[in-house]
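Each chain, written out:
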Amino acid sequence: MAASNAADGFSNASMENLTDHVEKRPISIIVFIVAMQKEAQPLIERLRLVKDVNSPFPKEVTWILFKGTYKDLKINIVCPGKDSALGVDSVCTVPASLVTYASIQTLQPDLIINAGTAGGFKAKGASICDVYIVSSSAFHDRRIPVPVLDLYGVGMKKAFPTPNLVKELNLKVGRLSTGDSMDMSPHDKESITANDATVKDMEGAAVAYVADIFKVPTILIKGVTDIVDGNRPTSEEFLENLAAVTAKLDESITKVIDFISGKCLSDL
């Protein structure tokens, strides 16, 4: 590692100094990655963000950017938009990965926040409308039974640590497991249990994967719309609770933004 850094013109010490400088610089630009505009709408309205009609993204994509200024922060909310063929929200890991990559390249955020809804497990203490800060994320449907590739498939990533934020706002903390299906197959259940997940979604680990490549600090915030290990159909419970949970998310995220304002990454 030392030789590689030296070849790039950086010693280990200078790399540490650079990281230290970044973490002690006031946070200025935040990008929210949100799968469904309906999940983001309360926050868009609360912060009076406006849709960017001159989008920095390729004209071929349906991605939507809302932006504005709140206190000392430049806030951007990016949604994948509607599928061009079917007109439904472009959920799941592929759209999330693409918009995260593009947002990092074009908006150059100091911090990414992936906010959205998730299923929760009552066995881990989750209830409807709970809001969680994610401590780590992993995939539960990338099963590759080959040494080392099995670990790659799980793709466990620790979230950016925010001990002061969690303590100040008294937020729940739990692990997240991500997959491309709303239901839970027996194989998924086994993997989710192995991941020790409290919440389950369809985007978070993908956002974390891309952000980790570019070393952009990332916070994942999830509101529980349905109880995965409950006795009601997931889709039915999700739709029934979506409005209430997005309102709760809006409330929690606003408190998070207020806490972040004027602070550095190292303060979180």
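The following paragraphs examine the structure supplied in this document.

Procedures and definitions
- Within any chain, residue numbers begin from 1 and follow the written order of that chain's sequence.
- Local features are withheld for residues below a pLDDT of 70 in this predicted model, meaning they are given only at 70 or higher, and side-chain atom pairs are given and counted only at 80 or more; totals for whole chains, interfaces and linings count all residues.
- Note that the side-chain values use all heavy atoms of the structure and ignore hydrogens as well as water.
- One side-chain nitrogen of Lys or Arg within 4 Å of one carboxyl oxygen of Asp or Glu is enough to make a salt bridge.
- Think of it this way: any DSSP run of H or I at least four residues long counts as a helix, any run of E at least two long counts as a strand, and we number them from the N terminus.
- Each residue is placed in one exposure class: buried if its accessible area under a 1.4 Å probe, protein chains only, is under 20% of its type's maximum, exposed if it is over 50%, and partly exposed if it falls in between.
- By definition, residues are in contact when any of their heavy atoms lie within 4.5 Å.
- Aromatic pairing here means that ring centres of Phe, Tyr or Trp (its six-membered ring) are within 6.5 Å. Orientation follows from the plane angle: under 30 degrees is stacked, over 60 is edge-to-face, and everything else is tilted.
- Geometrically, a charge over a ring is one whose NZ (Lys) or CZ (Arg) sits within 6 Å of the ring centre while staying within 35 degrees of the ring normal.
- Whenever a helix is involved, its axis is fitted only over the stretch in contact; in every case the axis is a line through C-alpha atoms, and angles between N-to-C directions fall within 0 to 180 degrees.
- Throughout this description, any angle smaller than 35 degrees is read as roughly parallel, any larger than 145 degrees as roughly antiparallel, any in the 65 to 115 degree range as roughly perpendicular, and the remainder as oblique.
- What makes a crossing left-handed is the near helix being turned counterclockwise from the far one by less than a right angle; a clockwise turn instead makes it right-handed.
- Under the grouping applied here, Gly and all other residues not named as nonpolar or charged are polar, the nonpolar ones being Ala, Val, Leu, Ile, Met, Phe, Trp, Tyr, Cys and Pro and the charged ones Asp, Glu, Lys and Arg.
- A residue counts as positive if it is Lys or Arg and as negative if it is Asp or Glu; His and the chain ends are not included.
- Polar contacts, as used here, are pairs of N or O atoms within 3.5 Å; protein pairs need one atom able to donate a hydrogen and one able to accept it. Residues neighboring in sequence count only if both atoms are side-chain atoms.
- In the cavity and pocket records, a cavity denotes points on a 1 Å grid over the protein atoms alone where a 1.4 Å probe fits but cannot get out, a pocket denotes an open set with protein on both sides within 12 Å along at least 5 of 7 lines, and lining residues are residues with an atom within 4 Å of a point.
- Grid points are joined across faces, edges and corners, and a volume is the space filled by probe spheres set on the points.

1. Some thoughts on the pattern of salt bridges
Two side chains of opposite charge can pair, provided their charged atoms sit close to one another.
Moving on, step 1. Applying the stated criterion across every chain, the model contains 16 salt bridges.
Moving on, step 2. Lysine 172 is the partner of aspartate 130 in a salt bridge, and the nearest nitrogen-oxygen pair spans 2.9 Å. Taken together, the residues span a long stretch of sequence, with aspartate 130 in the loop between strand S5 (111-120) and strand S6 (131-139) and lysine 172 in strand S8 (residues 172-178) at a distance of 42 residues.
Moving on, step 3. What makes aspartate 130 buried here is its relative accessible area of 15%.

2. Observations regarding unusual backbone geometry
Moving on, step 1. For arginine 48, which is not a glycine, the phi torsion comes out positive at approximately 55 degrees.
Moving on, step 2. Its place among the elements puts arginine 48 in the loop between helix H3 (37-46) and strand S2 (50-51).
Moving on, step 3. Not every positive phi belongs to a glycine, and cysteine 92 is a case in point at roughly 90 degrees.
Moving on, step 4. If you trace the backbone, cysteine 92 turns up in the loop between strand S4 (73-79) and helix H4 (93-107).

3. Some points on the environment of serine 266
Moving on, step 1. Locating serine 266 in the fold gives a position in the segment after helix H9 (234-260).
Moving on, step 2. Residue class for serine 266 comes out partly exposed when judged on its relative accessible area of 37%.
Moving on, step 3. Along the sequence, serine 266 and arginine 25 sit 241 residues apart, while their C-alpha atoms lie 8.7 Å from each other.
Moving on, step 4. For serine 266, the contacting residues outside a window of four places in its chain are Glu23 and Lys24.

4. Here we look at the packing of aromatic side chains
Moving on, step 1. On inspection of all chains with the given rule, the structure shows two aromatic pairs.
Moving on, step 2. With a centroid separation of 5.4 Å and an interplanar angle of 75 degrees, the aromatic rings of phenylalanine 57 and tryptophan 63 are classed as edge-to-face.
Moving on, step 3. Plain terms: the ring middles of tyrosine 101 and phenylalanine 214 are 5.7 Å apart, the flat faces sit at 50 degrees to each other, and that makes the pair tilted. Of this pair, tyrosine 101 sits in helix H4 while phenylalanine 214 sits in the loop between helix H8 (204-213) and strand S10 (218-227), and the two are 113 residues apart along the sequence.
Moving on, step 4. Judged by its relative accessible area of 34%, phenylalanine 214 falls in the partly exposed class.
Moving on, step 5. A cation over a ring is seen here: lysine 263 above phenylalanine 259, with NZ or CZ 4.3 Å from the ring centre.

5. What to know about the packing of H3 against H9
Moving on, step 1. Taken N-terminus to C-terminus, the directions of H3 and H9 make an angle of 45 degrees; their axes are 8 Å apart at the nearest point. Considered as vectors, H3 and H9 are oriented oblique to each other. Our pair here, H3 against H9, has a crossing hand that is right-handed. Taken together, the residues of H9 that come into contact with H3 (itself represented by Lys38, Glu39, Pro42, Leu43 and Arg46) are Leu242, Thr246, Asp250, Glu251, Ile253, Thr254 and Ile257.
Moving on, step 2. Taken together, the residues of the contact of H3 with H9 sort by class into five nonpolar, two polar and five charged.

6. Thoughts on the side chain of aspartate 226
Moving on, step 1. Within the element layout of this structure, aspartate 226 appears in strand S10.
Moving on, step 2. At 6.4 Å, lysine 200 is the nearest oppositely charged side chain to aspartate 226, a buried residue that forms no salt bridge.
Moving on, step 3. One polar contact links aspartate 226 to threonine 225, side chain to side chain, over a distance of 2.7 Å.
Moving on, step 4. Apart from the residues within four sequence positions on either side, aspartate 226 is in contact with Ala118, Gly119, Gly120, Ile128, Thr234, Glu237 and Phe238.

7. Examining empty space enclosed by the protein
Moving on, step 1. Applying the stated criterion across every chain, the model contains two cavities of 30 Å³ or more.
Moving on, step 2. Approximately 80 Å³ is the volume attributed to the largest cavity.
Moving on, step 3. Counting residues per element, the ones that place at least two in the lining of the largest cavity are H3, S5 and H9.
Moving on, step 4. For the second largest cavity, the calculated volume is near 30 Å³.
Moving on, step 5. If you go around the second largest cavity, the residues you meet are Ile33, Val34, Ala35, Pro80, Ser90, Val91, Cys92, Pro95, Ala96, Asn114 and Glu203.
Moving on, step 6. Residue classes in the lining of the second largest cavity are distributed as eight nonpolar, two polar and one charged.

Remember that the coordinates give geometry; whether it matters functionally is a separate question.
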